[in-house]
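Listed below are the residues making up each chain.
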Amino acid sequence: MKNLYKNTQIFRCIHESHQNFKHKISVYHILKEKACYPHGCIYFCWRCKQLNKKKVCHRGYSHVGRKCFGCRDFYEEKIHNYPELQIAEDEFRKFRSEYELFEEWIEERQHKPVEFSSRINNIKPHFIKKEYPKTQFLSFKGFILVFKDIFIDRWHFEDSVYGLISADHLKRLNIGTDSEIEGQAYLKVDQGRLILSRFRGLEILQTGAPLVWDEAATQLARKTATEFSVQSEGCLQCPYGALLDVEYYKDHHSHSRRKLFCLKGMADFRNCYVRADYCGLDREADDLPQDKCKFEPEINIYSGF
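Residues numbered from 1 in each chain as written. Predicted model: local features only at pLDDT ≥ 70, side-chain atom pairs only at ≥ 80, totals over all residues. Heavy atoms only, no water.

1. A few points about the pattern of salt bridges
The final tally for this structure, using the stated rule, is 14 salt bridges. The partner of Glu227 in a salt bridge is Lys129, and the shortest N-O contact between them spans 2.7 Å. Separated by 98 residues along the polypeptide, Glu227 in strand 14 (residues 226-228) and Lys129 in strand 7 (residues 122-131) bring together distant segments of the chain. Judged by relative accessible area, which is 29%, Glu227 ranks as partly exposed. The salt bridge partner of Lys259 is Glu131, with a shortest N-O separation of 4.0 Å. Of the two residues, Lys259 sits in strand 16 (residues 253-262) while Glu131 sits in strand 7, which places them 128 residues apart along the sequence. (Salt bridge = Lys/Arg side-chain N within 4 Å of Asp/Glu carboxyl O. Helix = DSSP H or I, 4+ residues; strand = E, 2+ residues; numbered from the N terminus. Buried < 20%, exposed > 50% of the residue type's maximum accessible area, 1.4 Å probe, protein only.)

Right, dumping it as structure tokens:
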């Protein structure tokens, strides 16, 4: 079984906000979040006749905003985008049938306790960033357990599932990467990701590597960490790369997005010198370090995503 929400091989959208993802958009975003297939979505783009000609605004503004309403040079451009299928129609009909069965499976279990069994592939710190017009906050929320092969209610998931756990709970369990555990947890969907939380009745079937992340190491890493808007696959595989959930407030509305959080503090992922086993992935060869190498950690406090 796969997480069909995160499939990016079905739809493509040329909306400018998707350019960092090469316009390949997840099924969850198209069918659930925006519900824009097949009718598309309409949005309005604010324009300025003077700024379009690279002239100076007579009010002194450098970009178009709400204060421009009523100006003779202000106008709105209506844009209608349509998601494009990347597969044939008959393939999409087959996918849609599988997707409906997958949704039924999710609805039967979401926000309910499920039984699970898996090996912990990685453990990463969990950060949430909140951005307001005049300030921002970065909060440490515990840790993320990464499962890449997991049984949920006896269904075999050959896909990534994530577990949210507090720092204290993780420390009490004394588990680490490659530990095999089973127990119960509550299942939920977060922007297409399958999340397990509120663990209980956990049994350690096999001890793995010692717990190397702790709160002190996490707080130290966050001081020098950097953010990337591009989520390169190599960075996600890297021992120092993690996803950062960002909640930002604009025009009195809450929005969310994800960024790449580099715990190594690299200024640009394309100039990264970290020796890691993800180097040279063919499908992202232009975006990743090209050296064929094995990971040799400078300090043994990080595990991959």
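Continuing now.
2. Examining the state of the cysteines
This model, assessed by the stated rule, comprises 0 disulfides. Among the cysteines around Cys48, which has no disulfide bond, Cys57 carries the closest sulfur, lying 5.7 Å off. On the accessibility criterion, Cys48 (10% relative accessible area) is buried. (Disulfide = S-S within 2.5 Å.)

3. Thoughts on the side chain of Glu103
Along the chain, Glu103 falls in helix 3 (residues 89-109). A polar contact is formed between the side chain of Glu103 and the side chain of Tyr5, at a distance of 2.8 Å. At a separation of 3.1 Å, a polar atom in the side chain of Glu103 contacts the side chain of Lys32. Here Glu103 is in contact with Tyr5 and Lys32, once residues within four sequence places are set aside. (Polar contact = N/O pair within 3.5 Å; in protein donor to acceptor, adjacent residues only side chain to side chain. Contact = heavy atoms within 4.5 Å.)

4. Notes on the sheet that holds strand 5 (residues 84-85)
Strand order in the open sheet formed by 3 strands is 2-1-5, and the pairing between neighbours is antiparallel. Edge positions in the open sheet fall to strand 2 (24-25) and strand 5, since each of these has one partner strand only. With 2 bridges connecting them, strand 1 (residues 11-12) and strand 5 associate as antiparallel partners. Residue pairing across strands places Phe11 opposite Leu85, the latter belonging to strand 5. (Pairing = 2+ DSSP bridges.)

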